[in-house]
Amino acid sequence: MKKIGIIGGMGPLATADLFTKIIKASDAKCDNEHIPIIIDNNTKIPDRTSAILGIGESPLEEIILSAKTLEKSGADFLIMPCNTAHYFYNDLTKAINIPVLNMIDETAKFILSKSPNIKRIALFSTIGTLKGNIYQNIFNKYNIEIIPPEEEDILELMHLIYNVIKNNQLNYNHIKIINIIEKFKEKNIDNIILGCTELPIAMNMFKIKGNFYDPTEILALSAIKKAKATP
């Protein structure tokens, strides 16, 4: 089996969530049948949204440092459990000699495999992911329109991501998120991409139900497939 390298720390809880999802989705009957994984939980990586908005330091140098560390440690390919960090994907791949699975592209292909006729889908994400057109640029190639939340709802999602999950402040009125989901249903948009790796954690934590696509889980499945593929 190929060895997976995870560029982690964006954030640590999301990194742990990806690792757990790989373990749970693996068809392994004992320890020795699991996929070898190396994780660099690099908490020095600057905030990706701040960088995209032009108000913070670029994370690219630290992301590349993690990638090279994992490459030197024997990883055969890399995955990155941060949607917003994929804004820097092309520059990252140019800096190393092993492949990096693109979570956004894997998500598009997965959605089309489940719903071949889908034409538009809602996206819950950070402002950085939206402003950076990270999903739009890839999903346009598959003729799928990305529908963002209203401005006030984007701010609420940012609050959930940064002030609740990342900051571990769990006293939160999750009805606000349910109301955002209902707004999309009123527009006949029933499918939602959880386009920040903290969001699947939040939905599970607060038991929020919806027709969600979880890119973290999709990336886990793609990584398992690639790790087990014959050369």
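Use the structure listed above.
The structure displayed is predicted, hence computed values, not measured ones.

**Remarks on the nonpolar core**
At step 1: Residues I7, L78, L92, I121, F139 and I193 are the most contacted members of the largest nonpolar core, which totals 39 residues.
At step 2: Within the residue set of this core, elements represented by two or more residues are α2 (48–52), α3 (60–72), α4 (89–95), α5 (103–114), β4 (120–124), α6 (127–131), α7 (134–139) and α8 (151–165).
At step 3: Tallying contributions element by element places α3 first for this core, with five residues.
At step 4: Residues in contact with I121, not counting those within four places in the same chain, are I111, F139, I144, E145, I146, I147, I189, N191, I192, I193 and Y213.
At step 5: Counting residues in each nonpolar core, the second largest holds 23 residues, with A122, I181, C196 and F206 among its members.

**Quick word on the pattern of salt bridges**
If the charged atoms of two oppositely charged side chains come close together, the side chains can form a pair.
At step 1: Under the definition given, this model contains ten salt bridges.
At step 2: In this structure, K21 engages D17 in a salt bridge whose closest nitrogen and oxygen atoms are separated by 2.9 Å. Note that K21 and D17 are positioned in helix α1 (residues 12–25) at a spacing of four residues, about one turn of the helix.
At step 3: D17 gets classed as buried once you look at its relative accessible area, which sits at 16%.

**Digging into unusual backbone geometry**
At step 1: The linkage connecting M10 with the following residue, G11, adopts the cis geometry, with an omega of -5°.
At step 2: Summarising the element assignment, G11 is placed in the loop between β1 (4–8) and α1.
At step 3: Here the phi dihedral of N188 falls at roughly 60°; this positive angle occurs in a residue that is not glycine.
At step 4: Here N188 shows up in the loop between α9 (175–186) and β6 (191–194).
At step 5: Exposure remark for N188: the relative accessible area of 68% places this residue in the exposed category.

About the criteria used
- Residues numbered from 1 in each chain as written.
- Predicted model: local features only at pLDDT ≥ 70, side-chain atom pairs only at ≥ 80, totals over all residues.
- Heavy atoms only, no water.
- Core = buried A, V, L, I, M, F, W, Y, C linked by side-chain atoms within 4.5 Å.
- Buried < 20%, exposed > 50% of the residue type's maximum accessible area, 1.4 Å probe, protein only.
- Helix = DSSP H or I, 4+ residues; strand = E, 2+ residues; numbered from the N terminus.
- Contact = heavy atoms within 4.5 Å.
- Salt bridge = Lys/Arg side-chain N within 4 Å of Asp/Glu carboxyl O.

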